[in-house]
Amino acid sequence: MAVKLNPHVAGMQCIRCDMLHSIDDYFEGCPACRDAGIPSSVAPHFAELPSSLEPGGISDWLSYPMASGLGEGNTPLSGIKRLADALGVGTLYTKNEFVNPAGSHKDRMATMIVQRALHIGASTVAVASTGNAGVSTAAYAARAGLECVVVTTPQITPNWRRALETHGARIIATAHPDDRWKLVREMARRGEWYPVTNYLTPPVGSNPFGVDGYRAIAFELYLQLGQAAPTDIVVPTSRGDLIWGIAKGYVDLQAAGLIRSLPRVHAVEPLPRIARALAGQGMTGSCPGSTSMVSISGDTVTYQSLKALEMTRSSAVAVTDAEVAADQALLGREGLYLERSSVAAFSGLRRLLAQCAVPRDARVVLLATSHGYKEEALYPAHLDAVDISEFAIDWSPSANIVARQ
């Protein structure tokens, strides 16, 4: 089946200056804003939005509507009533993006980018990644019969490397993390690789067609929660692809007349990057620091993050590794083993409540972007042997319980 662009996409629009450009790949953002020294992303512009949204109809709202066949999207919600009661909020859910086929929200981006690559005849997609983005891209490229190059660092963990190799990706490790972007930039500008992620400093967002896929999360929440629509959505944020996509999805629902008001879509970071930008540092500086929340690490901020907060009248907070470590265990007691970068959304909610940025009667959704099984181990790789003499063991067929003496 031939891949086709949604016929309602009329161009690519700058999210800052609103200039409408022809349909093309703008990996380096809006040309006019770039020339002005203000790097800004573009997004597919829909000349017309559907008048309704029904189950099974989300693809009509996306720039590339063909499903991959792997089964991405339509991720479930988990209610967390005990923690909602403890925090004093009305309702609390996680949106479980870790059930996507490759295990994270990045699948939504990867399936769109692969469709775009097929549409324009690209043969190789490339991503600078040490984790989720690389694995998702490799999986969807393999599904589509495309070559995939993952530019990473020598420190990539064995579980990530094995996943990439299993999907048939070519892995290139650069000596310095910033060299990943340089290599992708060079090969993209030469037309040899079709890029998935940003490669500029200061950065723009990832591939615009890929980011468009995150709008589907807003559409799914609209269908899943109905009249109990969320008042607040809390999103782990690095360079803002996810938070922008969710915010834009809700703006489009409002433009189509399907909702009256927008939820607040808050950003949670491991470092106060957005706060510094909003305080006057701008987007061209950096916020150095280290964190165990590797999926949302980095020292830069993008305009799309700031725009998402502006559109939804929302806040950004930074959380610490210590807070996230404690909350990871707390969520684990609720049956949710989340990557520390995902746990950041819950830790951030605490801070947002303390700052009165989220009201106490709020209906809250946390984006659970990936599960904890993907993380590098924090514990020893071995377990100490147990002396079984401390147990009374009945091996009779009727006994299936090991009882401690």
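Whatever comes next refers back to the structure up there.
As a convention, each chain's residues are numbered from 1 in the sequence order in which they are written. Two thresholds apply to this predicted model, a pLDDT of at least 70 for residue-level local features and 80 or more for giving and counting side-chain atom pairs, whereas whole-chain, interface and lining totals are computed over all residues. Side-chain metrics rest on all non-hydrogen atoms present in the structure, leaving aside hydrogens and water.

Chemist: Please clarify how unusual backbone geometry should be interpreted in this entry.
Modeler: Most peptide bonds take the trans configuration, and most residues that are not glycine carry a negative phi. In this structure, the amide linkage connecting T201 to the following residue, P202, adopts the cis form with an omega of -5 degrees. Inspection of the secondary structure puts P202 in the loop between strand 9 (194-195) and helix 7 (208-212). Notably, N74 is not glycine yet its phi reads approximately 50 degrees, a positive angle. Strands are runs of DSSP state E lasting at least two residues, helices are runs of H or I lasting at least four, and both sets are numbered from the N terminus onward. By the element assignment, N74 lies in the loop between strand 3 (42-46) and strand 4 (77-79). Residue N74 is classed as exposed on the basis of its relative accessible area, which comes to 62%. Buried, partly exposed and exposed residues are distinguished by accessible area as a fraction of the type maximum, computed with a 1.4 Å probe on protein chains only: under 20%, between the cut-offs, and over 50%, respectively.

Chemist: In this structure, what is going on with the pairing of strand 3? I would like to understand it.
Modeler: Successive side chains on a regular strand alternate, one facing one side of the sheet and the next facing the other. Strand 3 sits mainly inside the fold: 4 of its 5 residues count as buried. Here, a strand pair is defined by DSSP locating no fewer than two bridges between the strands. Both strand 1 (residues 9-14) and strand 3 contribute to a ladder of 5 bridges, which runs antiparallel. Among the inter-strand pairings, V9 is bridged to a residue of strand 3, identified as F46.

Chemist: I'm lost on the environment of F46 in this one. Help?
Modeler: By the secondary structure assignment, F46 is in strand 3. With relative accessibility at 10%, the residue F46 sits in the buried group. C-alpha separation for the pair F46 and T157, spaced 111 residues apart in sequence, amounts to 40 Å. Contacts were defined at the residue level, with two residues in contact if any of their heavy atoms lie within 4.5 Å. Excluding its chain neighbours within four sequence positions, the residues that come into contact with F46 are N6, H8, V9, W61, L62, S63, D212 and R215.

Chemist: Whenever I open this one, helix 12 (residues 321-332) confuses me. Can you help?
Modeler: Spacing of three or four residues puts side chains on the same side of an α-helix, whose turn is 3.6 residues. What a helix is expected to span follows from its residue count: subtract one and scale by 1.5 Å. Counted at 1.5 Å a residue, the expected span for helix 12 with its 12 residues is 16 Å, and the 16 Å between its end C-alpha atoms agrees. Among all positions in helix 12, only V324, D327, Q328 and L331 are buried. All buried residues of helix 12 project into a common sector of 115 degrees when viewed along the axis, lining one side. Throughout, the arc means that of the directions going from the helix axis to the C-beta atoms.

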